[in-house]
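Residue-level structure breakdown
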Amino acid sequence: MRIPIPLRPPGVVCQQAVELVTDYLEGALPRPERRRFERHLASCPHCTEYLAQMRATIRLAGRITPDDLTPQMQDEFIALYRQWRAETSDD
């Protein structure tokens, strides 16, 4: 019995694409992974829209200054950061 060997690596599914977005935007994906990701984007309008939303979020967030945050927002960000640090220091 012959088992066919795929000529191409399997494609990316949407959940994988979402997990790869940050590395893609930072240019940290190896070339083969980047190509697989881009092939998926070419045929998936949902992931293409998600990528556009992430780019817009990064662009807009880059314009925020400390003066733009209310004292409550600053407190919330500090609390989130402290929680994240506590969780990552447990690893």
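As a starting point, this report considers the structure included with it. Because the structure is predicted, anything quoted here is derived from the model rather than measured. (Residues numbered from 1 in each chain as written. Predicted model: local features only at pLDDT ≥ 70, side-chain atom pairs only at ≥ 80, totals over all residues. Heavy atoms only, no water.)

**Considerations on the packing of helix H1 (residues 14-25) against helix H3 (residues 45-61)**
Packed helices, taken two at a time, are described by their axes: the angle between them and the distance between them. Defined as follows: Only the stretch in contact is used when a helix axis is fitted, and all axes are lines through C-alpha atoms; the angle between N-to-C directions ranges over 0 to 180 degrees. Here a strand is any run of E in DSSP of at least two residues, a helix any run of H or I of at least four, and the numbering for each starts at the N terminus. Helix crossings are classified by the rotation of the near helix relative to the far one: an anticlockwise turn of less than a right angle makes the crossing left-handed, while a clockwise turn makes it right-handed. By definition in these notes, contact holds between two residues if any of their heavy atoms fall within 4.5 Å. Amino acids are sorted into nonpolar (Ala, Val, Leu, Ile, Met, Phe, Trp, Tyr, Cys and Pro), charged (Asp, Glu, Lys and Arg) and polar (every other residue, Gly among them).
At a minimum axis distance of 10 Å, the contact between H1 and H3 shows a crossing angle of 35°. The hand of the H1/H3 crossing is right-handed. Listed contacts from H3 to Cys14, Ala17, Val18, Val21, Tyr24 and Leu25 of H1 are Cys47, Tyr50, Leu51, Met54, Arg55 and Ile58. For the contact of H1 with H3, the residue count by class is 11 nonpolar, no polar and 1 charged.

**Looking at the packing of H1 against helix H2 (residues 31-43)**
The cut-off we apply is this: Working definition: roughly parallel below 35 degrees, roughly antiparallel above 145 degrees, roughly perpendicular at 65 to 115 degrees, and oblique for all remaining angles.
Their axes nearest at 10 Å, the elements H1 and H2 cross at an angle of 125°. Taken together, the axes of H1 and H2 are oblique relative to one another. Handedness of the crossing formed by H1 with H2: left-handed. Between H1, through Cys14, Gln16, Ala17, Leu20, Val21 and Tyr24, and H2, the contact on the second element is made entirely by Glu33, Arg34, Arg36, Phe37, Glu38 and His40. Taken together, the residues of the contact of H1 with H2 sort by class into 6 nonpolar, 2 polar and 4 charged.

**Focus: a positive patch on the surface**
Here is the rule: Patch membership needs two things, relative accessible area over 30% and no salt bridge, and members are linked within 9 Å if like-charged or within 5 Å if nonpolar (Val, Leu, Ile, Met, Phe, Trp, Tyr). Shrake-Rupley sampling with a 1.4 Å probe provides the accessible areas, and residues are treated as covered by the protein chains on show and by no other component. We define a salt bridge as a side-chain nitrogen of Lys or Arg found within 4 Å of a carboxyl oxygen belonging to Asp or Glu. Charged residues are defined here as Lys and Arg on the positive side and Asp and Glu on the negative side; His and the ends of the chain fall outside this count. Note on charges: their place is set at NZ of Lys, CZ of Arg, CG of Asp or CD of Glu.
There is a patch of like positive charges on the surface, built from Arg31, Arg34, Arg35 and Arg39. Examined against the element boundaries, Arg39 turns out to sit in helix H2.

**Considering the nonpolar core**
Applicable threshold: Nonpolar core, defined: a set of buried Ala, Val, Leu, Ile, Met, Phe, Trp, Tyr and Cys residues in which side-chain atoms within 4.5 Å join the residues together. Each residue's exposure class comes from its accessible area (1.4 Å probe, protein chains only) as a fraction of the maximum for that residue type: buried when under 20%, exposed when over 50%, partly exposed otherwise.
Grouped together as the largest cluster of nonpolar side chains are 11 residues: Val12, Ala17, Leu20, Val21, Tyr24, Leu29, Phe37, Leu41, Cys44, Cys47 and Leu51. When residues of this core are traced back to their parent elements, those giving at least two are H1, H2 and H3. The dominant element in this core, judged by the number of residues it contributes, is H1, at 4 residues. Residues contacting Val12, with those up to four places away along its chain left out, are Ala17, Arg36, Phe37 and His40.

**Focus on H2**
The test is simple: What a helix is expected to span follows from its residue count: subtract one and scale by 1.5 Å.
Here H2 spans 19 Å end to end across 13 residues, near enough to the 18 Å set by a 1.5 Å rise per residue. Next to the buried residues of H2 lie H1 and H3.

On their own, these measurements won't tell you what the molecule is for.
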